Amino acid sequence: GRITVTVSSGINAEYGYTSAEESPLAKPKHPVGIFLPAAIGVFIALLILKLVMPEETWMSQFSHLGLYIAVIAFLLKQVVVWGDHLVDQPRLYHTLNKAKAE
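Within each chain, residue numbers correspond to sequence positions counted from 1 in written order. Only residues with pLDDT of at least 70 get local features here, since the model is predicted, and only at 80 or more are side-chain atom pairs given and counted; chain-wide, interface and lining totals rely on the full set of residues. The basis for every side-chain value is the complete set of non-hydrogen atoms in the structure, without hydrogens or water.

**Structural notes on the overall build of the protein chain**
In step 1: Helix and strand labels come from DSSP, where a helix needs a run of H or I of at least four residues and a strand needs a run of E of at least two; each type is numbered from the N terminus. Across its full length, the protein chain carries 3 helices and 0 strands.
In step 2: Tracing the protein chain from N to C terminus, the helices and strands come up as α-α-α.
In step 3: Taken across its 102 residues, the protein chain has 22% of its residues classed as buried.
In step 4: Should any heavy atoms of two residues lie within 4.5 Å, those residues are counted as being in contact. Restricting the contact set of the protein chain to residue pairs at least 6 apart, pairs at least 24 apart contribute 46%.
In step 5: Here the protein chain displays about 7700 Å² of accessible surface, and carbon together with sulfur accounts for 67% of that area. Each residue is placed in one exposure class: buried if its accessible area under a 1.4 Å probe, protein chains only, is under 20% of its type's maximum, exposed if it is over 50%, and partly exposed if it falls in between. Throughout, the Shrake-Rupley method with a 1.4 Å probe supplies accessible areas, and for residues the shown protein chains are the sole cover considered.

**Some words on helix H2 (residues 58-81)**
In step 1: Here, expected helix span is obtained from the residue count minus one, scaled by 1.5 Å. Spanning 24 residues, H2 covers 35 Å between terminal C-alpha atoms, matching the ideal 34 Å at 1.5 Å per step.
In step 2: Listed as buried for H2 are Ser60, Gln61, Leu65, Tyr68, Ile72, Leu75 and Gln78.
In step 3: Residues of H2 that are buried make contact with helix H1 (31-52).

**Quick notes on H1**
In step 1: Taking 1.5 Å per residue as the helical rise, H1 with its 22 residues ought to reach 32 Å, and the 32 Å between its terminal C-alpha atoms agrees with that figure.
In step 2: Here H1 has its buried residues at Val32, Gly33, Leu36, Ile40, Leu47 and Lys50. Viewed along the axis of H1, the buried residues span an arc of 135°, placing them on a single side of the element. Away from its buried face, by an angle of more than 90 degrees, H1 presents the exposed residues Phe35 and Val52. As used here, the arc belongs to the directions running from the helix axis to the C-beta atoms.

**Notes on the pattern of salt bridges**
In step 1: By salt bridge we mean one thing: a side-chain nitrogen of Lys or Arg within 4 Å of a carboxyl oxygen of Asp or Glu. Per the stated rule, a full pass over the model turns up 1 salt bridge.
In step 2: Here Lys50 makes a salt bridge to Glu55, at a shortest N to O gap of 2.2 Å.

**Here's the deal with the environment of Val32**
In step 1: You can see Val32 is positioned in helix H1.
In step 2: In this structure Val32 comes out as buried when scored by relative accessible area, which is 18%.
In step 3: Between the C-alpha atom of Val32 and that of Leu86, which follows or precedes it by 54 residues, the distance is 8.0 Å.
In step 4: Those residues in contact with Val32 that sit more than four places away from it in its chain are Pro37, Trp82 and Leu86.

**Considering the packing of H1 against H2**
In step 1: Packing of H1 against H2 brings their axes to within 9 Å, and their N-to-C directions diverge by 160°. Taken together, the axis directions place H1 and H2 in an arrangement best described as roughly antiparallel. As H1 runs across H2, the sense of the crossing is left-handed. On the side of H1, the interface is formed by Leu36, Ala39, Ile40, Phe43, Ile44, Leu46, Leu47, Lys50 and Leu51, while H2 contributes Gln61, His64, Leu65, Tyr68, Ile69, Val71, Ile72, Leu75, Leu76, Gln78 and Val79.
In step 2: Residue composition of the contact of H1 with H2, by class: 16 nonpolar, 3 polar and 1 charged. All axes are obtained by fitting lines to C-alpha atoms, using only the stretch in contact for helices, and the reported angles, taken between N-to-C directions, cover 0 to 180 degrees. Each angle is binned into one of four classes, with values under 35 degrees roughly parallel, values over 145 roughly antiparallel, values of 65 to 115 roughly perpendicular, and all other values oblique. Crossings are assigned a handedness: left-handed for a near helix turned anticlockwise from the far helix by less than a right angle, right-handed for a clockwise turn. Residues are grouped as follows: Ala, Val, Leu, Ile, Met, Phe, Trp, Tyr, Cys and Pro are nonpolar; Asp, Glu, Lys and Arg are charged; all remaining types, including Gly, are polar.

The following block contains the structure:
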């Protein structure tokens, strides 16, 4: 169901929203907001493992390191693209509304 913000006076003076307005917490979290940070963590862990536990040949070591660095760079670029889904939306929502009111 929907979650609505209910305030006894109808308007919250601090944030400036009405009781009929839908809460940002009611929206489901986008999968990118879950999987993107997890993928970055996994590939950083793999990169550290490759640095700590070297392989038999240097060529294999460098190819794996290059692959992990490329994937981490791609994922960090995706953080910029999908940044709206990674932000603390409720706090940002109230901060932006407060700034618009001023």
